Amino acid sequence: MAGPKVELEVRGLTKRYSPQVTVGPLSFEVMEGEFFSLLGPSGCGKTTTLRCIAGFETPSEGAIALGGRRLDDRPPHRRDVGLVFQNYALFPHLTVFDNVAFGLRLRKVDKAAIERRVGQMLDLVDLPSLGARYPAQLSGGQQQRVAIARSLVLEPSLLLFDEPLSNLDLKLRIQMRYELRLLQRRLGKTAVYVTHDQTEALALSDRIAVLSQGRIEQIGTPSEIYERPASAFVADFIGSSNVLRARVRGDGGPADTAVETEHGLLLTIPRIPDAAGATVTLMLRPERFQMAALSNGDAARANRFTALVRDVTYLGEDLHLRVLASDRQPLLVSIKNSKGTRAIASGAAIDLAIDPEDIHVLRR
Amino acid sequence: MGRGQPPPYWVLFVGPYGLYLLVFLVLPFANVALLSVYLHSPTKIAIAEFTTANYSKLWELYYANLFFRTLRLSLAVTVVCVALGYPLAYLLARARPRSMTLGLFLLIMPLMVSTVIRVFGWVVILGNEGLVNQALRQLGAGDGVRLLHTEGAVIVGLAQQSMPFMVLPIMASIERISPSLEEAARNLGASWGQMFTRTILPLSMPGLLSGALLVFSVSMSAFVTPALMGGRRSRMVGQQIYEEVLSAYNWPGAASLTIVLALLMLGLVGLALWASRRRARLETAR
């Protein structure tokens with residue numbers, strides 16, 4: 001196999017609203033069949049990027065190519081790109097059937113073929129018997145399926161999603177997320193998905209681009225983004241994290257470097273060569289702390305310290321603890337709820353451990 | 001309703017205006033209806049003797065033409081207002097708030113000027129020595145073209161006067177259509193024109209219909225504008241009623257004209273509403 005083919009290529013995409021408000025330049029590639037997410041807080045430029053691809057915004061600079069052909073000089077209705085809107089944007093005066101048939105009718109597909117393809121599509125999104133209903137008679141989840149069917153029936157080269165699940169309640173959102181993923185896998189459609197919900201991005205995507213203030217902070221697989229965030233922004237935006245500034249004290253062993261955080265906690269981290277005296281930024285995921293001695297990994301290397309519990313948030317499956325490690329360093333710690341955690345209360349002292357491999361050094 | 005029990009709350013809400021309408025609209029109108037079947041007398045204006053003469057007289061060619069002309073001119077005004085008002089309404093509905101406020105102000109401003117003054121403005125523009133004729137003369141394109149006192153002048157005057165009644169309801173209904181529907185249609189392969197005829201136009205139909213009904217009604221009953229801008233051959237029903245009352249002192253005749261005009265309008269408006277209801281029911285069958 002010659003490796004995956006690039007389906008969508010965005011090069012130096014820039015949109016200037018004013019000298020202060022600028023998106024880009026952004027560059028990324030989406031492979032054929034890939035589920036690619038643009039993730040970031042509101043105002044980061046993710047929706048602007050999507051709208052540039054769909055043709056509803058004109059980029060100030062840069063190029064967009066789909067399947068090797070320039071896209072940005074084509075009007076929105078000649079782009080072969082399907083867009084699923086946040087508010088579904090179903091036509092309220094048309095039935096579900098007519099909504100899905102809308103694009104086919106514009107393409108002068110004959111009547112029998114429209115019947116067949118719309119029928120297949122409604123089966124695919126699991127709404128086979130609702131063709132005669134009007135959008136106002138459907139639930140939010142059903143409306144979203146119709147919107148997806150309406151785009152899919154045209155077999156576009158690229159599917160764009162603009163926060164399609166954000167108007168649904170939590171349970172439905174999780175179910176739709178799962179169905180969306182299955183559907184995209186089954187059809188092998190290339191998808192670009194815009195969201196501000198990091199869980200959604202992690203659950204759905206093959207790769208994620210994290211955006212902040214019009215710039216790409218990091219592009220990577222969900223685990224790369226989560227485990228090895230490129231910046232403090234990514235570490236903070238994806239999941240919760242402890243971002244600590246620390247000074248390198250010297251080599252701690254053949255594979256280790258010893259550091260001291262600005263609040264005086266001594267830690268062993270994976271070796272950084274010749275860095276004595278340098279300042280580094282560390283990222284520790286709250287769920288990587290353990291209460292008992294480390295059973296796996298290199299137990300001898302583990303960081304151990306006593307921590308004073310200042311606050312406990314009970315979340316059922318997990319407990320979130322705010323602790324002071326070694327009397328000085330505030331940390332956020334997440335531990336699984338179990339028999340041994342019952343005694344934990346504000347004011348208790350607990351022993352914590354963390355593997356050096358679970359301490360990530362941020363590049364910026 | 002038992003004794004001492006308070007009347008249902010809606011009576012309190014509707015009551016005062018209902019009373020007002022009863023005293024100042026329903027009763028006078030009933031009086032007009034009564035007058036329309038009374039005998040006309042040149043000396044006593046009306047004699048309390050029942051007759052159908054006032055109505056049968058309306059079959060005469062003069063009156064048939066009058067009604068037909070009134071309908072035709074009102075329809076023309078409505079068409080002009082739709083053609084000129086719809087694009088404006090669309091633009092305003094999709095404009096930024098500040099431009100929209102300014103546009104609305106400019107649109108409604110003429111309503112703050114009395115009809116007589118506005119018509120006088122048209123006289124200055126369209127008259128024999130008016131701006132248009134002066135310009136034509138300068139260009140050598142005509143000398144003293146008769147613009148004022150024509151049906152065209154009446155249509156122009158009425159259309160200008162009733163434009164806000166067309167633009168406002170259309171604008172309100174377009175404003176309620178999410179711009180994302182337009183984008184969805186474009187995204188599904190519709191050119192701008194296809195998008196417009198398949199989404200915006202059908203969805204703004206209620207507004208278009210109310211606007212058309214308003215403009216049509218205002219034009220049907222117009223009096224000042226056709227009187228001052230129209231000629232002898234472009235007389236409308238409103239003028240005729242005015243003259244029957246004040247010049248001919250034929251109040252029963254004026255009354256029969258009034259009743260027929262009112263019934264005609266009621267019938268047409270009712271028909272239009274029924275048609276739109278039917279349409280709406282077909283669309284949102286629940």
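Just so you know, these numbers come straight off a predicted model, no measurement behind them.

Criteria and thresholds
Residues numbered from 1 in each chain as written. Chains lettered and ligands numbered in written order. Predicted model: local features only at pLDDT ≥ 70, side-chain atom pairs only at ≥ 80, totals over all residues. Helix = DSSP H or I, 4+ residues; strand = E, 2+ residues; numbered from the N terminus. Buried ≥ 20, exposed ≤ 12 C-beta atoms within 10 Å, placed from the backbone. Contact = placed C-beta atoms within 7 Å. Expected span 1.5 Å × (residues − 1). Pairing = 2+ DSSP bridges. Axes fitted to C-alpha atoms, helices over the stretch in contact; angles between N-to-C directions. Nonpolar A, V, L, I, M, F, W, Y, C, P; charged D, E, K, R; others polar. Parallel < 35°, antiparallel > 145°, perpendicular 65-115°, else oblique. Left-handed = near helix turned anticlockwise from the far one by under 90°. pLDDT = per-residue confidence, 0-100. Core = buried A, V, L, I, M, F, W, Y, C linked by C-beta atoms within 7 Å.

**Topic: the overall build of chain A**
Point 1. Tallying secondary structure elements over chain A gives 8 helices and 19 strands in all.
Point 2. Its C-alpha atoms give chain A principal-axis dimensions of roughly 75 × 45 × 45 Å.
Point 3. Within chain A, the proportion of its 364 residues that are buried is 39%.
Point 4. Restricting the contact set of chain A to residue pairs at least 6 apart, pairs at least 24 apart contribute 63%.

**So, the overall build of chain B**
Point 1. Counting secondary structure elements, chain B contains 13 helices and 2 strands.
Point 2. With the C-alpha coordinates of chain B rotated into their principal frame, the extents come out at 80 × 75 × 35 Å.
Point 3. A total of 286 residues make up chain B; the buried ones form 31% of that total.
Point 4. Taking the contacts inside chain B whose residues are at least 6 apart along the sequence as the reference set, 68% of them involve residues at least 24 apart.

**A few points about helix α4 (residues 140-152) of chain A**
Residues and elements named next belong to chain A.
Point 1. Taking 1.5 Å per residue, 13 residues should reach 18 Å; α4 reaches 18 Å between its end C-alpha atoms and fits that length.
Point 2. Counting buried positions over the 13 residues of α4 gives 10, a clear majority of the element.
Point 3. For α4, the full list of buried residues reads Gln143, Gln144, Arg145, Val146, Ala147, Ile148, Ala149, Arg150, Ser151 and Leu152.
Point 4. Those residues of α4 that are buried are in contact with β6 (81-84), α2 (96-106), α3 (111-124), β7 (158-162) and α5 (170-187).

**A word on the pairing of strand β15 (residues 303-314) of chain A**
All names here are of chain A.
Point 1. In this sheet, strand β18 (residues 349-354) lies alongside β15 in antiparallel orientation, the contact comprising 6 bridges. Residue pairing in the sheet places Phe305 in a bridge with Leu352 of β18.
Point 2. The sheet contact formed by β15 and strand β16 (residues 318-325) spans 7 bridges and is antiparallel. Bridge pairing links Ala307 to Ala325 in β16.

**Points about the sheet that holds strand β17 (residues 329-336) of chain A**
Residues and elements named next belong to chain A.
Point 1. Pairing is antiparallel in the open sheet, where 4 strands are placed in the order β17-β16-β15-β18. Because the sheet does not close on itself, it has two edges, and the strands there are β17 and β18. Across the sheet, the mean angle separating the axes of adjacent strands is 45 degrees when strand polarity is ignored.

**A few points about the interface of chain B and chain A**
Point 1. Taken together, the contact between chain B and chain A spans 18 residues of the former and 20 residues of the latter.
Point 2. With 6 residues, helix α8 (residues 179-187) of chain B is the single largest residue contributor to the side of chain B that touches chain A.
Point 3. Considering only residue class, the side of chain B that touches chain A consists of 6 nonpolar, 8 polar and 4 charged.

**Description of helix α4 (residues 97-108) of chain B**
Point 1. For α4 of chain B, spanning 12 residues, the distance from its first C-alpha to its last is 16 Å, which sits close to the expected 16 Å at 1.5 Å a residue.
Point 2. Here α4 of chain B lies mainly on the outside; 0 of its 12 residues are buried.

**Quick word on the packing of helix α5 (residues 115-126) of chain B against helix α7 (residues 151-175) of chain B**
Residues and elements named next belong to chain B.
Point 1. Across the interface, α5 lies against α7 with an axial gap of 11 Å and an inter-helix angle of 135 degrees. Between α5 and α7, the interaxial angle falls into the category oblique. α5 and α7 meet at a crossing whose hand is right-handed. Where α5 approaches α7, its residues Thr115, Arg118, Val119, Trp122 and Leu126 are matched on the opposing element by Ala153, Gly157 and Gln161.

**Regarding the confidence of the model for chain B**
All names here are of chain B.
Point 1. Looking at chain B, the pLDDT average stands at 90 and 96% of residues meet or exceed 70.
Point 2. Averaged pLDDT values over the elements of chain B bottom out at 85 in helix α13 (residues 251-283) and peak at 96 in α8.
Point 3. This prediction of the complex comes with two scores: 0.82 for pTM and 0.82 for ipTM.

**Some remarks on the nonpolar core**
Point 1. Within the largest apolar cluster, 137 residues are counted, with the highest numbers of intra-cluster contacts made by Val100, Ala149, Leu160 and Val192 of chain A.
Point 2. For this core, the element with the highest residue contribution is α7 of chain B, accounting for 14 residues.
Point 3. The residues touching Val100 of chain A, leaving out its near neighbours within four places in the chain, are Val118, Met121, Leu122, Val146, Ala149, Arg150 and Val153 of chain A.

**So, the sheet that holds strand β8 (residues 190-195) of chain A**
Residue and element names in this part refer to chain A.
Point 1. Read across the open sheet, the 6 strands follow the order β6-β7-β8-β3-β9-β10; overall the sheet is mixed. Of all the strands in the sheet, the pair left with one neighbour each is β6 and β10 (215-220). Taking the axes of each pair of neighbouring strands and ignoring which way they run, one obtains an average angle of 15 degrees across the sheet.

**As for unusual backbone geometry**
All names here are of chain A.
Point 1. Phi at Lys108 takes a positive value of approximately 60 degrees, unusual for a residue other than glycine.
Point 2. Tracing the backbone through its elements, the reader meets Lys108 in the loop between α2 and α3.
Point 3. Since 6 C-beta atoms lie within 10 Å of it, Lys108 is described here as exposed.
Point 4. With a phi close to 70 degrees, Asp126 is a non-glycine residue in the positive phi region.

**Some points on the packing of helix α3 (residues 61-93) of chain B against α7 of chain B**
All names here are of chain B.
Point 1. α7 packs onto α3 with a crossing angle of 40 degrees between their chain directions and a minimal axis gap of 6 Å. Taken together, α3 and α7 sit at an angle that is classed as oblique. Between α3 and α7 the crossing geometry is right-handed.
Point 2. Of the residues in the contact of α3 with α7, the class split is 23 nonpolar, 2 polar and 2 charged.

**Quick look at the environment of Arg228 of chain A**
Residues and elements named next belong to chain A.
Point 1. Following the sequence through the fold, Arg228 ends up in the loop between α7 (222-227) and α8 (232-237).
Point 2. Overall, the presence of 16 C-beta atoms within 10 Å leaves Arg228 in the partly exposed class.
Point 3. Along the sequence, Arg228 and Arg363 sit 135 residues apart, while their C-alpha atoms lie 9.7 Å from each other.

**Topic: the environment of Ala101 of chain A**
Residues and elements named next belong to chain A.
Point 1. For Ala101, the location among the structural elements is in helix α2.
Point 2. Owing to 22 C-beta atoms within 10 Å, Ala101 belongs among the buried residues under this scheme.
Point 3. For the pair Ala101 and Val234, spaced 133 residues apart in sequence, the C-alpha separation works out to 42 Å.
Point 4. When near neighbours in sequence (up to four residues on either side) are disregarded, Ala101 contacts Ile114 and Val118.

**Overview of the pairing of strand β2 (residues 45-50) of chain B**
All names here are of chain B.
Point 1. For strand β1 (residues 38-41) and β2, the ladder comprises 4 bridges, and the chain directions are antiparallel. Each residue of the ladder has a partner; that of Tyr38, found in β2, is Phe50.
Point 2. Connecting the antiparallel pair β1 and β2 is a turn made up of 3 residues.

**A few points about the environment of Gly140 of chain B**
Point 1. Tracing the backbone shows Gly140 of chain B in the loop between α6 (131-139) and α7.
Point 2. Counting along the chain gives 109 residues from Gly140 of chain B to Asn31 of chain B, while the straight-line C-alpha distance between them is 56 Å.

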